[in-house]
Structures are given as structure tokens and as C-alpha cells.
Amino acid sequence: MNYSLNEVEALAKKAVRGAGYPWGVAEDAGKAIRLLSAHTLPGCDALAALLERIDRSSDFSQLTPNPQMDTWSGRMGTLCPILTGITLSDFHAELHHRTITLQNVYSPLIVTAFAALASQQLARNVTAIWPSTEFVTDGEQCSTTGDWRALVTENAQSLTIGAGGDLAKVNERTTRPAVGSSSWQTLNKFAHRTYAPDTETSRTLGAGPD
Amino acid sequence: MRLSRLGSLHQSRLSFMRILTRRMATDAWRFSRPVFDIDHNGVGHAVYAAQCDKRTYSLVAFAHDLPDDLRSDRVIAEAWDATFALFDGIPTREDITRLAKNVPLQEAGRVTESELTLSRANRSVRLWNHVIDCLSNGRQPDPDQIAQVGYLMRTTAVYGSGKFGAADRCTFSGRAEMAAPFQAEMLTVYLIRTFVRDLAEYMAVLKGGENAVPLDPVTAQQLGIGNSTGLGMAPFLINHPVLFNNWIMVREEAIARVRSIPMATQSEIDVFLELFRRSMETIKQWRSDHAIQKEKLNQLRMDLNTLEGWLPRAGLSQESPWDRLYLWAEENLSEEGQEYTASLMLEPYGALVDGLADCMASAEDHVRTIDGTMRIKKALTLIQDNYPWALKIDWGTPASTERAWYVSEEKLEPRLGNRFEEPLEEFEQPLAPARDVVALYNDMKHRDGEDTVAQFLLCYPQHRNALRRVQITEFAPYAEIWDNTVDGDMLPIDMLRCKLSFFGATRFDPRSDRWIRICMYQGAPYPEQLNEKNADHWVYPPVGS
């Protein structure tokens with residue numbers, strides 16, 4: 001089924017919040033999933049897979065990288081792509097003088113959206129390289145070469161991000177991303193946790209008589 | 001700006017409705033009704049086409065036979081008197097078939113990128129029945145009843161921006177006629193008004209046959225489309241800080257331009273005085289049963305009487321007339337009167353002010369990327385400069401955080417509750433910027449000012465939402481409502497009224513602290529009458545009409 005970009009962004013944001021992340025992180029995630037979807041990349045699939053794995057993590061800080069290290073890895077060995085991505089975007093200036101290697105990132109496709117945001121802030125192309133895949137972005141467009149599909153739901157053992165690179169054949173843009181029903185249902189399941197149960201009190205007082 | 005002032009704003013020539021009517025007249029839009037297929041029960045569909053230079057927009061309207069006990073303005077309603085979609089182009093039969101299956105279901109259906117808006121409306125039952133009864137018997141309706149209500153139907157939601165599958169705004173915002181905010185929604189309501197008039201006349205014919213007469217055009221013009229708005233609209237101003245800033249900034253700029261005019265011509269003064277006279281009459285018709293609004297209306301009427309007494313001595317033909325008038329209003333009138341005066345002052349100066357409409361939209365549709373390179377000391381300064389009022393609030397009292405905004409499982413209806421009386425914290429929406437920015441400040445102030453916010457957010461990801469808002473205030477001084485939106489005494493209707501005043505609404509009539517009824521396009525020419533002479537000041541109907 002096809003959705004509007006606003007629907008995708010709104011659902012992604014609510015789903016990420018439902019999985020336990022703070023609202024501010026969820027906002028960034030919604031924007032990232034929208035960006036991927038607009039470039040005909042399966043952002044919702046990647047997010048659904050991620051949230052099933054990291055649902056209500058007891059300590060998100062363990063899944064967040066330490067940007068001071070040469071290699072970014074999680075304290076328990078795995079990285080959340082949302083938390084890694086926002087760190088990449090916040091610390092985009094690092095890419096002026098080094099490449100960053102990420103170890104064991106879940107659903108690494110999500111990181112590429114933040115690479116695009118980093119690119120916008122750097123005003124330079126940014127490239128993300130997996131063993132057999134390359135993603136290049138200039139902040140507005142992106143290209144994917146090689147086999148990137150495994151990186152929707154699998155871990156990336158090693159993903160290197162750096163400034164530079166040239167766009168290959170640019171991904172098509174769309175305003176009507178197609179999302180599989182299974183992923184959409186999964187995201188709705190998580191989003192549902194942000195809705196308060198309807199009680200008599202809530203229904204009578206919450207919206208008031210009209 | 002404070003909520004109480006935002007809740008005292010009035011429509012102006014920069015309102016979205018008037019931006020649209022001026023454009024439609026200047027560009028000589030052509031209107032037609034290619035389909036009107038309604039049966040003897042008043043059930044069926046119609047198509048209203050609005051054609052501008054480059055394209056056509058079509059309102060596809062469905063009329064239903066709604067049992068009275070199912071009629072509700074709330075989000076949780078499941079059936080309505082009429083439902084609508086604004087189609088991008090001219091709908092084919094297949095489009096109409098598809099829309100007939102989905103539009104009457106509203107939130108439970110799906111629309112496509114061909115639809116720009118999805119909406120619904122309910123009758124104002126007493127007036128509807130009265131009007132049809134009169135017309136069917138060859139009589140015009142009672143003017144007092146018309147004046148009392150002001151509309152035959154009221155919309156209870158007008159969805160756009162990609163909701164339920166409709167087109168995202170970014171797919172059409174590049175069109176000149178869609179550049180200003182909410183033009184698709186305003187066009188939708190304009191066409192709905194025409195449909196509602198036509199439907200009422202048609203139902204009168206069904207009832208009275210040859211005896212039936214159409215609505216007198218002057219009476220028809222006095223009917224707007226009502227709107228019933230609840231909490232669904234309130235978070236908008238908080239969730240779109242850059243857009244909100246642009247609206248306020250444009251209005252402030254317009255007021256500043258007019259205040260800096262050194263001399264007014266006699267004809268400019270005449271326009272002002274004439275419209276003032278007309279608005280005194282119009283405001284007499286505004287009514288409300290709600291205690292707060294009754295008080296505000298009384299205050300507004302008193303303000304206008306005071307202003308009326310002052311105007312002969314105001315020296316409008318002398319230097320800096322509008323600046324002196326505004327300063328006088330600040331000293332002598334309530335916020336309602338001040339904002340009314342500010343809006344009215346703009347009226348003679350379309351040439352100076354109307355172009356600012358182009359700046360009211362926001363290129364930033366989305367969540368702004370946080371600038372991680374900002375130093376903590378800069379962020380702290382931004383908070384001190386832009387949130388001093390929030391820092392002064394005593395956040396330790398229960399009243400200061402009594403409210404929690406949330407979304408109910410039941411049809412995703414937005415609601416407002418008491419966090420100490422209901423278990424809502426887990427579901428709280430991020431609609432308390434004042435509280436959250438102060439919490440951010442309290443955690444940030446102990447850190448090394450030379451550190452970056454990127455370093456800070458690594459340890460405090462929960463502050464991303466607040467920090468983003470703080471960074472926005474660096475270039476958008478009006479982005480934040482300068483009030484505590486979770487305070488026990490906060491009035492959501494102030495937020496609703498603010499947004500509705502930018503739409504161009506009049507006759508603000510709160511039904512509670514969180515429901516408001518308004519009227520749109522009251523006094524406006526219908527499509528067949530629209531021209532450059534009447535496209536602008538219709539919101540001030542001539543006295544005696």
C-alpha cells in the first residue's frame with residue numbers, strides 16, 4: 001500500500017517513541033525514515049526490524065557510540081542506528097578530518113539517512129561503505145550501488161562513513177512510498193503504545209462537551 | 001507572545017481566507033458545478049469546479065441522511081451530514097466511485113495524492129430546518145435567526161497535508177495559488193459554502209415544489225460556514241514553531257510598516273473609518289454563552305465604544321496617525337481592542353502589506369536538524385534571552401504541571417487531562433516547551449560552557465526536543481508561545497483562536513475551555529458574484545445589509 005510522506009514520518013516518530021526512545025530522538029528518527037522513503041529506500045522495513053530487536057531497551061546508552069573513539073561501537077557490542085545516526089549528525093564536523101567506522105549496527109540502512117543530514121551540514125558529499133555496498137549522498141540526492149538489501153534488516157559488521165565520493169546513478173524520488181503491510185502493522189503496534197487507553201473519565205473530561 | 005494576547009487576535013487582510021478571495025478575483029477564476037446528483041432524500045453527490053489559469057480544483061461533496069442521535073462534532077463521530085474531498089483536477093467517474101467509497105468514512109477510509117483535503121460538516125439543525133421550512137413555503141427565513149447562528153453547516157475537521165493518504169503539501173506548495181498557508185483548506189471551505197446554500201435550496205424545492213423560493217442573495221451572503229474546533233488544532237502552533245513564527249512576524253512587520261507611515265491620505269482615513277463603522281455593527285452580532293467569551297465580547301464592545309469616542313480627536317490627518325493611534329490603544333484598550341485596532345489599521349494599506357503573504361509559509365516542512373556544533377554557553381544565552389518568562393515560573397507547584405496533553409486510543413482523539421488524577425504520564429505528548437526548556441537549562445547550566453551541545457546531548461538524549469526549539473528561537477523570535485502550556489489554568493481556546501484568526505475566522509464562540517465555534521466566509525461573495533471590488537472587504541458587510 002502507498003502512503004504520504006507525512007504519514008510515514010508521523011508513524012515512524014510514534015513507533016520509535018512507543019519503543020521507549022525519548023520524543024526528541026523519535027522526531028529525528030521520523031525525519032530519517034521519511035527521508036529514506038522519499039528516496040525509494042525501505043525505511044519502514046528497516047525501522048520495523050530494528051524496533052522488534054531493541055524494543056524497550058533498558059539502557060539506550062549502551063547502544064549509543066562514543067564519538068571520541070576511532071571506531072564507534074556499543075558497550076555491549078551492538079549499535080542502534082538511530083542513536084548512532086543522531087550522533088553522526090551532531091558530530092558531523094568530525095568528518096572534515098577523518099572517516100568513522102561503525103561496528104555492528106542494527107538495520108544500518110537507517111544510518112544513511114543521517115549521513116545525508118551530515119552531508120547537508122558539511123556541504124560535502126558523504127559516503128557510507130559496507131563490504132559490498134556503497135551509499136553516496138550530497139544531502140539532497142543519494143545513490144546506492146551493490147547489494148544493499150541485506151542492510152535493511154541485518155547487522156552491518158563494519159560500516160565506514162567519510163566525506164567525499166561521487167554520486168552514481170541517483171535513486172528515484174517518490175512522494176508515495178510503498179510500505180509492506182507487515183512493517184506498517186509492526187510500526188502501528190509500537191505507535192499504539194503512545195495512545196492512552198480510553199476510560200470513562202478520559203472520554204468525558206478529556207475533550208470536553210462540544 | 002503571551003497566550004492571552006494570542007487568544008485576542010482578530011482576522012486581518014493577511015488572513016488566509018482573504019488572501020484566497022483576493023487572488024481568485026484578481027486572477028478571474030471561473031467556477032462551475034458540473035454535477036449535482038442529489039435524490040429526494042437529500043442524499044447523493046455534487047462536484048464544484050474552481051478553475052484558475054493553470055488548473056482546476058474540484059470539490060467532491062457527498063450529502064448523507066444522518067440520524068440526529070449520531071450527530072457529533074467530536075473526532076470520535078463516525079457519520080456526518082456531509083463529507084468532502086478537494087480533488088486536484090477534474091474527477092472522472094472512476095474517481096467519484098472511489099471517493100464515494102472512502103470519503104464518507106473519513107478517517108476510516110483512504111484518499112490518494114489526487115485529493116488535497118478531506119473534510120466533513122454537520123448541520124446547525126434548528127437553523128437548517130427553519131431555513132428549509134421557510135423557503136419551501138415561499139418565505140425568506142427570519143433575519144434574527146440567521147444572525148443568531150450565522151451558518152447552516154459547520155465543518156468539524158478539514159484534513160490536509162498527507163493525512164489519510166491525501167497529497168503532502170510539498171507536492172503542490174510550489175504552485176502560486178497554493179504558496180500561502182492553508183489555501184487548499186480555505187478553497188475547500190469556500191466551495192463547501194456554495195454547496196450548502198445550493199443543497200438547502202434544493203431541499204426546499206423537494207419539500208415545497210413550486211412554492212419554494214431560493215434564498216435571497218443578501219441573506220445567503222450573511223451565511224458563512226461554521227467550524228467547530230477542539231483540541232486537535234491546539235498542538236499545531238507548538239508543533240510548527242517556524243511556521244507559527246512566520247505568521248506572527250509577518251503580522252508584526254505589517255503593523256510596523258503602517259505605524260511608520262508619516263501621513264495618511266483622506267481616502268485612506270475614510271477607508272479606515274468606514275470599516276470601523278461596519279465592524280461596530282458586525283460585532284454587535286457576535287454572541288456567546290460562555291462566561292469567559294461573554295466577558296471578552298463585552299470588553300471588545302466597550303473598547304470599540306471608547307475608540308469611537310476617541311477617533312474624532314485622534315488627529316488621523318496629522319503626522320504619524322497610525323503610530324499615535326496604536327500607542328493610544330495600548331494605553332486605553334484591552335488586548336482585544338488593541339489587536340482589533342492593529343488589524344483594522346492595515347486595511348487601507350493593501351499595497352504596502354499584502355505582499356507579505358508570500359512570507360507566511362515555511363520552507364521548513366520538517367523537523368529541524370540540530371546543530372551539534374553550538375556551544376553550551378550560546379544555548380544557555382538563547383534560553384535566557386528567549387525564555388526568561390519560563391525561568392521565572394515556579395515549577396515546584398502542582399498547578400504548574402497539572403495538565404498533560406495526550407492522544408486517546410479511541411479514534412486517536414487528542415485530549416487534555418490532569419496528570420495527578422489520571423495515569424497519563426506515560427502517554428504525554430511533547431507539548432510543554434516551557435517546562436522542558438527549563439529542565440534542559442537546569443541540566444546544562446552545570447556543564448562547561450565551551451563544550452558543544454553535541455557532547456551534552458550524548459548524555460542527555462531526552463533534551464533533544466527542547467534543544468531543537470531553543471535553536472529555532474535564534475532565527476525565529478516568535479516561534480514559542482510565551483506561556484506554560486501545561487498550567488492548570490491554561491486555556492486551550494487561546495491557541496485555537498490564534499490559529500483561527502489567521503485563517504480569517506470571525507464570531508469566536510467558545511463552548512468550553514477547549515471547544516470553539518467560529519464562522520468562516522460570513523459576508524463573502526459567492527463564486528458567481530466574486531470580483532475585484534468585493535473580494536477583500538466582504539468581511540466587513542455594509543451597515544444595514
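Residue positions are counted from 1 within each chain, in the order its sequence is given. All chains are assigned letters beginning with A, and all ligands numbers beginning with 1, in the order in which they are written. Reporting of local features is limited, given that this is a predicted model, to residues whose pLDDT is at least 70; pairs of side-chain atoms are given and counted only at 80 or more, and all residues count toward the totals for whole chains, interfaces and linings. Side-chain numbers here rest on the full set of heavy atoms in the structure, without hydrogens or water.

**Q** Explain helix α4 (residues 125–136) of chain B here, please?
**A** Within an α-helix, residues lying three or four positions from one another point in the same direction, as the helix has 3.6 residues per turn. Residues and elements named next belong to chain B. Counted at 1.5 Å a residue, the expected span for α4 with its 12 residues is 16 Å, and the 16 Å between its end C-alpha atoms agrees. Note on classification: 1.4 Å probe, protein chains only; a residue is buried when its accessible area is under 20% of the maximum for its type, exposed when over 50%, partly exposed between these limits. Starting at the N terminus, helices and strands are each numbered in turn, a helix being any DSSP run of H or I of at least four residues and a strand any DSSP run of E of at least two. Those residues of α4 that sit buried are Leu127, Trp128, His130, Val131, Ile132, Cys134, Leu135 and Ser136. In this structure, the buried residues of α4 make contact with β5 (115–123), α5 (143–149), β6 (151–159) and α6 (183–208). Within two residues after α4, glycine 138 carries a phi angle of roughly 80 degrees, on the positive side. Helix span, as expected, comes to 1.5 Å for every residue beyond the first. Only heavy atoms matter for contacts: two residues are in contact if any of them lie within 4.5 Å across the pair.

**Q** Is there a simple way to explain the interface of chain A and chain B in this structure?
**A** With 47 residues of chain A at the interface, the matching set in chain B holds 58 residues. What counts as buried area is the accessible surface, traced by a 1.4 Å probe, that two parts surrender upon association, with contributions from both included. With both sides pooled, the region where chain A packs onto chain B buries about 4,000 Å², and carbon together with sulfur makes up 50% of that total. We count a salt bridge whenever a side-chain nitrogen from Lys or Arg sits within 4 Å of a carboxyl oxygen from Asp or Glu. Applying the counting rule to chain A against chain B returns 7 salt bridges. In protein, a polar contact requires one atom able to donate a hydrogen and another able to accept it; more generally it is a pair of N or O atoms within 3.5 Å, and residues adjacent in sequence count only if both atoms are side-chain atoms. Our count for the contact surface shared by chain A and chain B stands at 26 residue pairs in polar contact (both at pLDDT 80 or more).

**Q** Explanation requested: the packing of helix α1 (residues 5–18) of chain A against helix α7 (residues 181–191) of chain A in the structure shown.
**A** The packing of two helices is summarised by the inter-axis angle and the distance between the axes. All names here are of chain A. Put simply, α1 and α7 touch, their axes get as near as 7 Å, and they point 55 degrees apart. Viewed along their axes, α1 and α7 adopt a mutual orientation that is oblique. Considering how the two elements wind past one another, α1 and α7 form a crossing that is left-handed. In this structure, α1 contributes Glu7, Val8, Leu11, Lys14, Ala15 and Gly18 to the contact, and α7 contributes Trp184, Leu187, Asn188, Phe190 and Ala191. Only the stretch in contact is used when fitting a helix axis, every axis being a line fitted to C-alpha atoms; angles between N-to-C directions are given from 0 to 180 degrees. Working rule for angles: under 35 degrees goes down as roughly parallel, over 145 as roughly antiparallel, 65 to 115 as roughly perpendicular, anything else as oblique. Left-handed describes a crossing in which the near helix is turned anticlockwise from the far one by less than a right angle; the clockwise case is right-handed.

**Q** Looking at this structure, I do not really get the environment of Thr71(A). What am I missing?
**A** Residues and elements named next belong to chain A. Take threonine 71: it is sitting in strand β1 (residues 71–72). Threonine 71 sits in the partly exposed class, given a relative accessible area of 31%. It is 7.1 Å that separates the C-alpha atoms of threonine 71 and glutamine 103, two residues lying 32 residues apart in sequence. Beyond its immediate sequence surroundings of up to four residues, threonine 71 is in contact with Thr101 and Gln103.

**Q** What is the right way to read α1(A) from this model?
**A** All names here are of chain A. The terminal C-alpha atoms of α1, which comprises 14 residues, lie 20 Å apart, in line with the 20 Å expected from a rise of 1.5 Å per residue. Along α1, the positions that sit buried rather than exposed are Leu5, Glu7, Val8, Glu9, Leu11, Ala12, Ala15, Val16 and Gly18. Looking at the buried positions of α1, the neighbouring elements they touch are α2 (23–38), α3 (43–54), α4 (81–90) and α7. Remark: glycine 20 follows α1 within two positions and exhibits a positive phi of approximately 110 degrees.

**Q** Help me out: how do you make sense of the packing of aromatic side chains in this one?
**A** The relative placement of two aromatic rings is captured by the distance of their centres and the angle of their planes. All names here are of chain B. To pair, rings of Phe, Tyr and Trp, with the six-membered ring standing in for Trp, must have centres within 6.5 Å; the planes then decide the type, stacked if under 30 degrees apart, edge-to-face if over 60, and tilted in the middle. Scanning the model with the defined rule gives 26 aromatic pairs over all chains in all. Centre to centre, the rings of tyrosine 159 and phenylalanine 164 are 4.9 Å apart; their planes meet at 70 degrees, and the pair counts as edge-to-face. Between tryptophan 247 and phenylalanine 502, the ring centres sit 5.3 Å apart and the planes meet at 40 degrees, which makes this aromatic pair tilted. Of this pair, tryptophan 247 sits in helix α9 (residues 241–259) while phenylalanine 502 sits in helix α20 (residues 492–503), and the two are 255 residues apart along the sequence. Overall, phenylalanine 502 belongs to the buried group, its relative accessible area being 5%. Clustering of aromatic rings is evident, with ring pairs tying together Phe16, Phe182, Phe236, Trp247, Phe502 and Phe503. Should the NZ of a Lys or the CZ of an Arg lie within 6 Å of a ring centre and within 35 degrees of the ring normal, that charge is described as sitting over the ring. Here the guanidinium or amino end of arginine 193 rests over the ring plane of tyrosine 526, the centre of that ring lying 4.0 Å away. Looking at arginine 497, its charged tip hangs above the ring of phenylalanine 508, at a distance of 4.3 Å from the centre.

**Q** Is there a simple way to explain the sheet that holds strand β3 (residues 56–63) of chain B in this structure?
**A** Picture the strands of a sheet paired through backbone hydrogen bonds; they go either parallel or antiparallel. All names here are of chain B. Note on pairing: DSSP must find at least two bridges between two strands before they are called paired. Reading across the sheet, the 9 strands line up as β1-β2-β3-β4-β5-β6-β7-β11-β10 and stay open at both edges, with mixed pairing between neighbours. Strands at the two margins of the open sheet, each flanked by one partner only, are β1 (30–38) and β10 (506–510). The mean angle between the axes of side-by-side strands here comes to 25 degrees, regardless of whether they run parallel or antiparallel. Bridge count between β3 and strand β4 (residues 82–88): 7 bridges; the pairing is antiparallel. Paired with alanine 63 across the two strands is alanine 82, which belongs to β4.

Worth remembering: the numbers are spatial, not functional.
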